[in-house]
Amino acid sequence: MKRCLFTFILIVITSVSLNNSVFAANDYYKQLNDRQKSLYQMMYDKFVIDFELEFTISVNQVYERIPLVRVAGSYRNDVYLAYSALVNDNPDFFWGRQLLFHYTGGDLLMDQILQSSKLSDCKFSIIQDKTYNYKYQKLYDNAMIKAIRTINKRTKNTKSKYKKLCAIHDYICKKTRYDFKHGGIAKVKYAYLHNAYGAFVKNKAVCDGYSFAMKSLCDFYNIPCLVIYGKAKNDYGAYEKHVWNAVKINKKWYMLDCTWDDSSKSKKWFLCGKRQISKTHIMIPKDSNVLYFNYFTYPKISKKNYRK
C-alpha cells in the first residue's frame, strides 16, 4: 500500500510539472515559435520523460538555393532556444548539463551553382558525468515529496496562494545553505549547487539553485513562477551575476529572492515591487549562460510591493 501511494505521488508530481511548464502563461515555452515548440516537446519527451541521453531524428527537408550551412544554422538556433526554454521551465530536469547538436546533409551544385540543399538527420545529445546524471532523479523525487508534505502540513487549512508562497519560501530558506566554498568552482561534481537538486537533496546551493527550487515547488502548487537572470549589487556596491524569481499572485508579478532572504534571515526580498528591487537588481536575459541571446522577455513587474 505504501509503495502504491509513493508511485501515485511521483506520477502526480511529474504530470503537474509538465502541464504547468507547457501551458502556463508567460513561461518561456509560450515565447517560442511553432517549430521551436515542437522541438521543445520532443526533447521533453525524449530527455525528461524517457531519460534518453541521445536520439536522432530524420528531417529530410530540401531547400532550394539556400546553402546547407545557413539552413542548419537556423535549425540549430531553434534547437538551442527550445532547449533553453526547456531547462528554465522544468527545474526537475536538473541533470541535463549541456546539449550537443549535430546534423548531416549536403548541397547540390551544378557548374558550381547552388541548386538545393538537403538537411537529413539531426542528433541531440546530453552531456553528463558519471557522478551526476539522470539516475539521481529518484533521490530528487523523494526530497520533493518530503518538501511537499511539510508544506502541506503548514498550509492544510488554507487555500491562500500567499500563505503557500510563504511556506515555500520559508522551507527553502530553512533547508538550504549557501555554499560559499564551492559555488564558484567550475567542476561537474559541484553542478548540483546551481539547480534544484542541490537545494532539495544536498541542502546546499547558490542563487540559481535556490531559484530553481522555488520554481519547482511553485509549479507543483500551480503558482506562476519564472527564473530571472540578471545582476545584483554585492556587499561592495558592484554588480555581479545573480538569479532570482518572479511570481504571479492576484494577477500581478512580483520579485522574490530566496538567496538574499536566507542570507539576511528576513523576508525583505519577498514579493518585492519594481521600486524596491530595481535599487539592487537588474533583469538582463541576455546576460545569462542559459537563456539564449536576448530572445526571451520577462513579465511586467508591479511597481509596489505586495500587500496582504
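In what follows, the structure referred to is the one given above.
A. Main features of the pairing of strand β6 (residues 225-233). With seven of nine residues buried, β6 is to be regarded as a mostly interior element. Bridging between β6 and strand β7 (residues 239-249) involves nine bridges; their strand directions are antiparallel. Its bridge partner being in β7, Lys231 is matched across the sheet by Lys241. Adjacent in sequence and paired antiparallel, β6 and β7 are bridged by five residues, among which Gly237 carries a positive phi angle near 85°.

B. Structural detail: the packing of aromatic side chains. Within the structure shown, the criterion is met by 23 aromatic pairs. Note on Phe220 and Tyr221: the rings are 5.1 Å apart at their centroids and 80° apart in plane angle, and the pair reads as edge-to-face. For Phe220, a relative accessible area of 21% gives the class partly exposed. Taken together, the ring pairs in this structure connect Phe47, Phe51, Phe55, Tyr75, Tyr83, Phe93, Trp95, Phe101, Phe124 and Tyr134 into an aromatic cluster. The ring of Tyr192 carries the charged tip of Lys202 above its face, separated from the ring centre by 5.3 Å.

C. Just the packing of helix α4 (residues 137-154) against helix α7 (residues 207-220), in detail. As a packed pair, α4 and α7 sit with axes 11 Å apart at the nearest point and diverge in direction by 65°. Handedness of the α4/α7 crossing: right-handed. The segment α4 lies against α7, with Tyr140, Met144, Ala147, Ile148 and Ile151 engaging Ser216, Leu217 and Phe220. Looking at side-chain class alone, the contact of α4 with α7 contains seven nonpolar, one polar and no charged residues.

About the criteria used
- Residues numbered from 1 in each chain as written.
- Predicted model: local features only at pLDDT ≥ 70, side-chain atom pairs only at ≥ 80, totals over all residues.
- Heavy atoms only, no water.
- Buried < 20%, exposed > 50% of the residue type's maximum accessible area, 1.4 Å probe, protein only.
- Helix = DSSP H or I, 4+ residues; strand = E, 2+ residues; numbered from the N terminus.
- Pairing = 2+ DSSP bridges.
- Phe/Tyr/Trp six-rings, centres within 6.5 Å; stacked < 30°, edge-to-face > 60°.
- Lys NZ or Arg CZ within 6 Å of the ring centre and 35° of its normal.
- Axes fitted to C-alpha atoms, helices over the stretch in contact; angles between N-to-C directions.
- Left-handed = near helix turned anticlockwise from the far one by under 90°.
- Contact = heavy atoms within 4.5 Å.
- Nonpolar A, V, L, I, M, F, W, Y, C, P; charged D, E, K, R; others polar.

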